Amino acid sequence: MDTRRIGVMEHRIKEAEPQPREEYWDLSALKSSPLFHSADVVIDPYFAIEKSNNFTRDINTSTPLKFTYSAFHGIGYHYAKRMFTEFGFPASSFISVAEQQEPNPDFPTIPFPNPEEGRKVLTLSLETAEKNGSTVILANDPDADRIQLAEKQKDGEWRVFTGNEMGALLTWWIWTNWRKANPNVDASKVYILNSAVSSQIVKTIADAEGFKNETTLTGFKWMGNRAEELRKEGNHVILAWEESIGYMPGHTMDKDGVSAAVIFAEIAAFLQTENKSLQDQLYTLYNRYGFHLVRSTYWFVPAPEVTKELFATLRADLKYPTKIGETDVATVRDLTIGYDNSKPGNKPVLPLSTSSEMVTFFLKSGSITTLRASGTEPKIK
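Analysis parameters
Residues numbered from 1 in each chain as written. Predicted model: local features only at pLDDT ≥ 70, side-chain atom pairs only at ≥ 80, totals over all residues. Heavy atoms only, no water. Helix = DSSP H or I, 4+ residues; strand = E, 2+ residues; numbered from the N terminus. Rg over C-alpha atoms; globule rule 2.2 N^0.38 Å. Buried < 20%, exposed > 50% of the residue type's maximum accessible area, 1.4 Å probe, protein only. Contact = heavy atoms within 4.5 Å. Areas by Shrake-Rupley, 256 points an atom, 1.4 Å probe, with all protein chains shown as cover. Lys, Arg positive; Asp, Glu negative; His and termini not counted. Charge placed at Lys NZ, Arg CZ, Asp CG, Glu CD. UniProt positions renumbered as here; feature names shortened; annotations may be inferred. Pairing = 2+ DSSP bridges. Axes fitted to C-alpha atoms, helices over the stretch in contact; angles between N-to-C directions. Arc of directions from axis to C-beta. Salt bridge = Lys/Arg side-chain N within 4 Å of Asp/Glu carboxyl O.

## Comments concerning the overall build of the protein chain
Here is step 1 of the chain: Along its length, the protein chain carries 11 helices and 16 strands.
Here is step 2 of the chain: Its C-alpha radius of gyration of 23 Å places the protein chain within 12% of the 21 Å reference for a compact globule of 381 residues.
Here is step 3 of the chain: For the protein chain, the spread of C-alpha atoms along the three principal axes comes to 70 × 60 × 50 Å.
Here is step 4 of the chain: Considering the protein chain as a whole, with its 381 residues, one finds that 46% of them fall into the buried category.
Here is step 5 of the chain: In the protein chain, the proportion of contacts linking residues at least 24 apart, taken out of those at least 6 apart, comes to 66%.
Here is step 6 of the chain: Surface summary for the protein chain: the accessible area is close to 20,200 Å², and the carbon and sulfur share equals 53%.
Here is step 7 of the chain: Counting 42 positive and 49 negative side-chain charges, the protein chain places the averaged centre of each group 4 Å from the other.

Below, the structure written as structure tokens:
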């Protein structure tokens, strides 16, 4: 092969996967830098304010349930353990997956450090739970801003909940207990947010219960900013979430897997006193508000150019597909280019997101299909 071509190929590889310079690894002057500050000053206030979502502390203190927790070789362990203590859980109820407890950037015990992958990355969590008689698994991703939930069923099988199922449970719990604590607040001033690609069960519950639901673009930069805007206007944003196991149940303006983990533990402890499981409660919600089915999948893409070409073909000359399978398409919303043929002038209500691909098809059957590019991984979802 021509040496010039080899040089071009090597350059492209370096561009695609740039490596840090050697001097970046020199930490000798780190602590003497005037920019070096400890985050410790915010830790105690964080735990204090998140306890406002501690609704059933008395139940927590005496629960017989055991919770298996994994930090996925990340930073969540010490914070999750403390949050369980702050919420009143006995120390014996918190069981850590020891092999995944401390940070390790090589992630030696898991094939992929993302708990959203489900059972195939929860092997050690399942083993630890079985050894210790635990019936609930809570797994943070390495930076502890997302949470995966699994529960052992009566037949001995484990159910790994989807992000939408977890969102439905959290919506019910936060709304029910917040309302009980704030009975005189106008419900029309209370909001729960979720992303445009998440289950619409939130809207169904909101319509039935009287609070407000707004959808945003995918990502907590959108939900966090919208929550701040609504709060400045005198509203109460009590929860925000999206289907990729991200939840903002407290006061941080971003997803928080630590506070979400302990809230799911509290839900399980409460339901146990009513002889119900998390799955039982999910079915109760479906019976009350209607069954909402969400099927999510993804494809890995070999290069960014493939994603761009696929979406360019999909929207070529604004001639979008008119059928999805055997079902007719009613309307199309393309937030990458700002097109929505259900709105006046074909202008969408949601803001444009020109840096990310997302096209939604609203079908005449009432179903919704969305195709989008992941913002963090080489995937089309």
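## Details of the UniProt feature "domain: Alpha-D-phosphohexomutase alpha/beta/alpha" (unreviewed entry) in the protein chain
Here is step 1 of the chain: The sites that carry the UniProt feature "domain: Alpha-D-phosphohexomutase alpha/beta/alpha" (unreviewed entry) are, in the present numbering, residues 53–152 and 163–289.
Here is step 2 of the chain: Taken end to end, residues 163–289 comprises 55% helix and 17% strand; its first and last C-alpha atoms sit 18 Å apart.

## Some thoughts on the sheet that holds strand β7 (residues 212–216)
Here is step 1 of the chain: In space, the four strands of this open sheet follow the order β7-β6-β8-β9, with mixed pairing throughout. Looking along the sheet, the strands with just one partner apiece sit at the ends: β7 and β9 (246–248). Sheet twist, expressed as the average angle between the axes of neighbouring strands with direction ignored, equals 15 degrees.
Here is step 2 of the chain: When strand β6 (residues 190–195) meets strand β8 (residues 236–242), the two strands line up parallel, connected through five bridges. Within β8, the residue paired with V190 across the bridge is H236.
Here is step 3 of the chain: Helix α7 (residues 201–209) rests against β6, β7 and β8 of the sheet, and its axis sits at about 160 degrees to β7.

## Some remarks on α7
Here is step 1 of the chain: The set of residues buried in α7 consists of I201, V202, I205 and A206. Buried residues in α7, looked at end-on, bunch into an arc of 135 degrees, giving them a common side. Along α7, exposed side chains directed more than 90 degrees from the buried face belong to D207 and A208.
Here is step 2 of the chain: The secondary structure elements touched by the buried residues of α7 are α6 (163–181), β6, β7, β8 and α10 (278–289).
Here is step 3 of the chain: Just downstream of α7 lies G210, where phi reads positive at about 100 degrees.

## Observations regarding the sheet that holds strand β5 (residues 158–160)
Paired through their backbone hydrogen bonds, the strands of a sheet run either parallel or antiparallel.
Here is step 1 of the chain: If you trace the five strands from one edge of the open sheet to the other, you get β2-β1-β3-β4-β5, paired in mixed fashion. One side of each edge strand has no neighbouring strand; the edge strands of this open sheet are β2 (94–96) and β5. Put simply, the sheet's adjacent strands are angled 25 degrees from each other on average, direction ignored.
Here is step 2 of the chain: Pairing of strand β4 (residues 147–152) with β5 involves three bridges; the strand directions are antiparallel. When the bridges of β5 are listed, E151 appears paired with R159.

## Brief notes about unusual backbone geometry
Peptide bonds are, in most cases, trans, and in most cases residues other than glycine have a negative phi.
Here is step 1 of the chain: Despite not being glycine, F72 has its phi angle at roughly 55 degrees, a positive value.
Here is step 2 of the chain: Its location among the elements puts F72 in the loop between β1 (67–70) and α4 (77–86).
Here is step 3 of the chain: The backbone of D317 shows a phi angle near 55 degrees, a positive value even though the residue is not glycine.
Here is step 4 of the chain: Looking at where D317 falls in the secondary structure, it is placed in the loop between α11 (304–314) and β11 (323–324).

## As for the pattern of salt bridges
Here is step 1 of the chain: For the structure on display, the rule yields 18 salt bridges.
Here is step 2 of the chain: Here D141 ties to R146 by a salt bridge, and the two come within 3.5 Å at their closest N and O atoms. Summarising the burial analysis for this pair, D141 and R146 share the class buried.
Here is step 3 of the chain: A salt bridge links K323 to D328, with the nearest nitrogen and oxygen atoms 2.8 Å apart.
Here is step 4 of the chain: By relative accessible area, D328 is classed as partly exposed at 32%.
Here is step 5 of the chain: Several salt bridges share partner residues, and in doing so they unite D44, K51, R82 and E86 into one network.

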